[in-house]
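# Observations on the model geometry
Listed below are the residues making up each chain.
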Amino acid sequence: MADKPRFLVRFWGVRGSYPTPGPNTIRHGGNTSCVEIQAGTHTLIFDAGSGIIRLGEALTQQSKDAPTLNLALFVTHAHHDHLLGFPFFSPLFDARTHLYLFGPQLGGQDIEHIITSLMSPPHFPVDVRSLPSHRSFETVDKNFCITWNNQQSAPEHGKMLQQQQRNLHSSAEVRVTGQFTPAHPSDGAIIYGIEYAGRKVIYATDVEWKDGCTDDFVHFVEGADLLIHDAQYTAQDYQQGKHGFGHSTIQMATTTARKAHVKSLVLFHHEPTYNDTQLDQMETEARTYFASTRSAYEGMAIDLLEQKEENYESRR
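Residues numbered from 1 in each chain as written. Predicted model: local features only at pLDDT ≥ 70, side-chain atom pairs only at ≥ 80, totals over all residues. Heavy atoms only, no water.

### Points about the pairing of strand β7 (residues 145-148)
Side-chain alternation along β7 places Cys145 and Thr147 on one buried face and Ile146 and Trp148 on a second face that is also buried. With four bridges connecting them, β7 and strand β8 (residues 174-181) associate as antiparallel partners. By the bridge assignment for β8, Cys145 is matched with Thr177. (Buried < 20%, exposed > 50% of the residue type's maximum accessible area, 1.4 Å probe, protein only. Helix = DSSP H or I, 4+ residues; strand = E, 2+ residues; numbered from the N terminus. Pairing = 2+ DSSP bridges.)

Laid out in structure tokens, this is it:
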């Protein structure tokens, strides 16, 4: 769907826990987690919080003259704030859509069972299995690699590759890898790495580094062009009662960014009770620890190939 090669990261939902619409969240936005990545001609979506609803509307409109709509959705974990927008994702109701869904096994359930139970009676009036879109499900394990080769619209039927086999797929145009972290109670979450055109993005939401980030995580993140990292709490709130909730502070996020030598950090999964002013203050403080830090907001779009940030909303 891109006219020229782009590695564009666009934020549609940046809140954690639950949506918070209202006058105090206008600038950062009140929708829960959803990030779109355009890697060349491929559309990758990370999490299906309430932000995915407007993304679905935009994708449907942009592709209205296209014969097919190929999308990949990567789920980090099954908490409601990361899935609540899925039943309202308009491409699901479009016969042109080919949707490839990836996610971990949680509570003994694979990703297909998790998604199907979310969008079927009695939880939802429409059964996802009855929709005209084409869907495939792949449950990812702890060491995997999903690739799209040149001119390939589908990820090789979701074939999973062990990390030691990655060198066999060095010609891949787009590559998504992952690392499982148990730091988000009680079932953990997947951290995703996305590589395209010599650039790398890390999507690390719902993580908590109470004893410092692990060596494995630092190695996974090392040298990333963009690190999207959970930074839900201030240090004061964390110390006064949020310890063990599975979320990070700005100090945890910026320490990780320094250790892993990333180029840029985006604070993500904002606390729903924090207003825009509080988030601005957290961004300012975070920059004293790691200068290249931004606070995610709905409409933020970062093109890693052109090394610039845009406000998508201002161009609509």
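That covers the picture; the talk isn't over yet.
### Focus on helix α6 (residues 276-289)
Compared with an ideal rise of 1.5 Å per residue, which puts 14 residues at 20 Å, α6 spans 21 Å between its outermost C-alpha atoms and is within 8% of the ideal. Of the residues making up α6, those classed as buried are Asp276, Leu279, Met282, Glu283 and Ala286. Seen from one end, α6 has its buried residues packed into an arc of 115°, which puts them on one side. For α6, the exposed residues set more than 90 degrees away from the buried face come down to Gln281, Thr284 and Thr288. The secondary structure elements touched by the buried residues of α6 are α5 (250-259), β12 (265-268) and β13 (293-295). (Expected span 1.5 Å × (residues − 1). Arc of directions from axis to C-beta. Contact = heavy atoms within 4.5 Å.)

### Some remarks on the pairing of strand β9 (residues 189-196)
Of all eight residues in β9, seven are buried; the element is thus mostly enclosed. Across eight bridges, β8 lies against β9 in antiparallel orientation. In the strand pairing of β9, Gln179 is matched with Ile191. Both β9 and strand β10 (residues 199-204) contribute to a ladder of five bridges, which runs antiparallel.

### Focus: the packing of α5 against α6
As a packed pair, α5 and α6 sit with axes 9 Å apart at the nearest point and diverge in direction by 35°. Two packed elements cross with a definite hand, and for α5 against α6 that hand is right-handed. Taking contact as the criterion, the partners of Ile250, Gln251, Thr254 and Arg258 in α5 are, on α6, Met282, Glu285, Ala286 and Tyr289. Of the residues belonging to the contact of α5 with α6, the class tally is four nonpolar, two polar and two charged. (Axes fitted to C-alpha atoms, helices over the stretch in contact; angles between N-to-C directions. Left-handed = near helix turned anticlockwise from the far one by under 90°. Nonpolar A, V, L, I, M, F, W, Y, C, P; charged D, E, K, R; others polar.)

### Regarding the environment of Lys210
One can find Lys210 in the loop between β10 and α3 (215-221). When neighbours within four sequence positions are excluded, Lys210 is seen to be in contact with Tyr238, His243 and Met252.

### Concerning the packing of aromatic side chains
This structure, assessed with the given rule, holds 12 aromatic pairs. Pairing Phe46 with Phe74 gives two aromatic rings, centres 5.0 Å apart and planes at 10°, and the pair type is stacked. Here Phe74 lies in strand β4 (residues 69-74) and Phe46 lies in strand β3 (residues 42-46), a separation of 28 residues in the sequence. A single burial state applies to Phe46 and to Phe74, both of which are buried. Note on Phe74 and Phe102: the rings are 4.9 Å apart at their centroids and 15° apart in plane angle, and the pair reads as stacked. Within this pair, whereas Phe74 is found in strand β4, its partner Phe102 is found in strand β5 (residues 97-104), the two being separated by 28 residues in sequence. On the basis of relative accessibility, which here comes to 0%, the residue Phe74 falls in the buried class. By the ring-pair criterion, three or more aromatic residues cluster together here, those being Phe11, Phe46, Phe74, Phe102, Phe144, Trp148, Tyr192, Tyr203 and Phe268. (Phe/Tyr/Trp six-rings, centres within 6.5 Å; stacked < 30°, edge-to-face > 60°.)

### Side note on the side chain of Thr116
For Thr116, the position within the fold is in helix α2 (residues 111-118). Since its relative accessible area comes to 12%, Thr116 is described here as buried. Ignoring anything within four residues of it in the chain, the contact list for Thr116 reads Val128 and Arg129.

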